[in-house]
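Chains, contacts and geometry: an overview
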Amino acid sequence: MAELSFFDKVADRAGVPEVTARALTEATLRTLAERISGAEAGALAGHVAHELRPLLARTAPEEPEVFGYDEFLRRVTERAQVSPLIAERGAGAVLQTLHRVVGHREFLEALAQLPTEIQALAEPVPHTP
């Protein structure tokens, strides 16, 4: 069986169609790249599929923009053209999937540059019985 694509994994985690998962992935990765240093975004880009690299890679290791959780979600909502609830769920799904793809150490280094509220999006929601 072929491995599921990044978009399929996001769609499954967020409970959205693949087309929405693509929009959420693009929006979240672009927003993440703005919020972390260019060097860290580049390090993450080296671990993802070629089609996702341009969303993370920046031309220079410039300083990150400083913004919090609300602005992070506002940007994802606007870029993906989804509701704030879908943006929140989708951003979490993207970050959780990114964690699995890039590996624990690299992911934690990037997460360390984010406010705790944004870091919390990367935590899986516990399943209730």
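Preceding block: the structure.
Residues numbered from 1 in each chain as written. Predicted model: local features only at pLDDT ≥ 70, side-chain atom pairs only at ≥ 80, totals over all residues. Heavy atoms only, no water.

Glancing now at the overall build of the protein. Helix and strand counts for the protein come out as eight helices and zero strands. Shown N-terminal to C-terminal, the secondary structure of the protein runs as helices and strands in the order α-α-α-α-α-α-α-α. Sequence separation of at least 24 residues holds for 69% of the intrachain contacts in the protein that already meet a minimum separation of 6. Roughly 7,100 Å² of accessible area belongs to the protein as shown, and the carbon and sulfur atoms make up 55% of that amount. (Helix = DSSP H or I, 4+ residues; strand = E, 2+ residues; numbered from the N terminus. Contact = heavy atoms within 4.5 Å. Areas by Shrake-Rupley, 256 points an atom, 1.4 Å probe, with all protein chains shown as cover.)

What the rule picks out here adds up to nine salt bridges. For arginine 75, the salt bridge goes to glutamate 65, with nearest N and O atoms at 2.9 Å. On the criterion of sequence distance, the pair formed by arginine 75 in helix α5 (residues 69–80) and glutamate 65 in the loop between α4 (53–56) and α5 is long-range, its members being ten residues apart. Given the relative accessible area of 14%, arginine 75 is considered buried. Judged by relative accessible area, which is 37%, glutamate 65 ranks as partly exposed. Linking arginine 105 and glutamate 106 is a salt bridge whose minimum nitrogen-to-oxygen distance equals 3.2 Å. Look at the salt bridges and you will find they share partners, linking Glu34, Glu65, Glu71, Arg74, Arg75, Glu78 and Arg79 into a network. (Salt bridge = Lys/Arg side-chain N within 4 Å of Asp/Glu carboxyl O. Buried < 20%, exposed > 50% of the residue type's maximum accessible area, 1.4 Å probe, protein only.)

On to the packing of aromatic side chains, then. Across all of its chains, the model carries one aromatic pair by this definition. Seen from their ring centres, phenylalanine 67 and phenylalanine 72 are 6.5 Å apart, and the 35° between their planes marks the pair as tilted. You'll find phenylalanine 67 and phenylalanine 72 in the same group, each marked buried. A cation over a ring is seen here: arginine 35 above phenylalanine 67, with NZ or CZ 5.8 Å from the ring centre. In this structure, arginine 75 is placed above the aromatic ring of phenylalanine 67, and the distance from its NZ or CZ to the ring centre is 4.0 Å. (Phe/Tyr/Trp six-rings, centres within 6.5 Å; stacked < 30°, edge-to-face > 60°. Lys NZ or Arg CZ within 6 Å of the ring centre and 35° of its normal.)

Those residues of helix α1 (residues 6–14) not exposed but buried are Phe6, Phe7, Val10, Ala11 and Ala14. Down the axis of α1, the sector holding all buried residues measures 135°, keeping them to one side. In this structure, the buried residues of α1 make contact with α2 (18–35) and α6 (84–102). In the segment just after α1, glycine 15 is the residue with positive phi, at about 70°. (Arc of directions from axis to C-beta.)

Taken by themselves, the reported measurements are silent on function.
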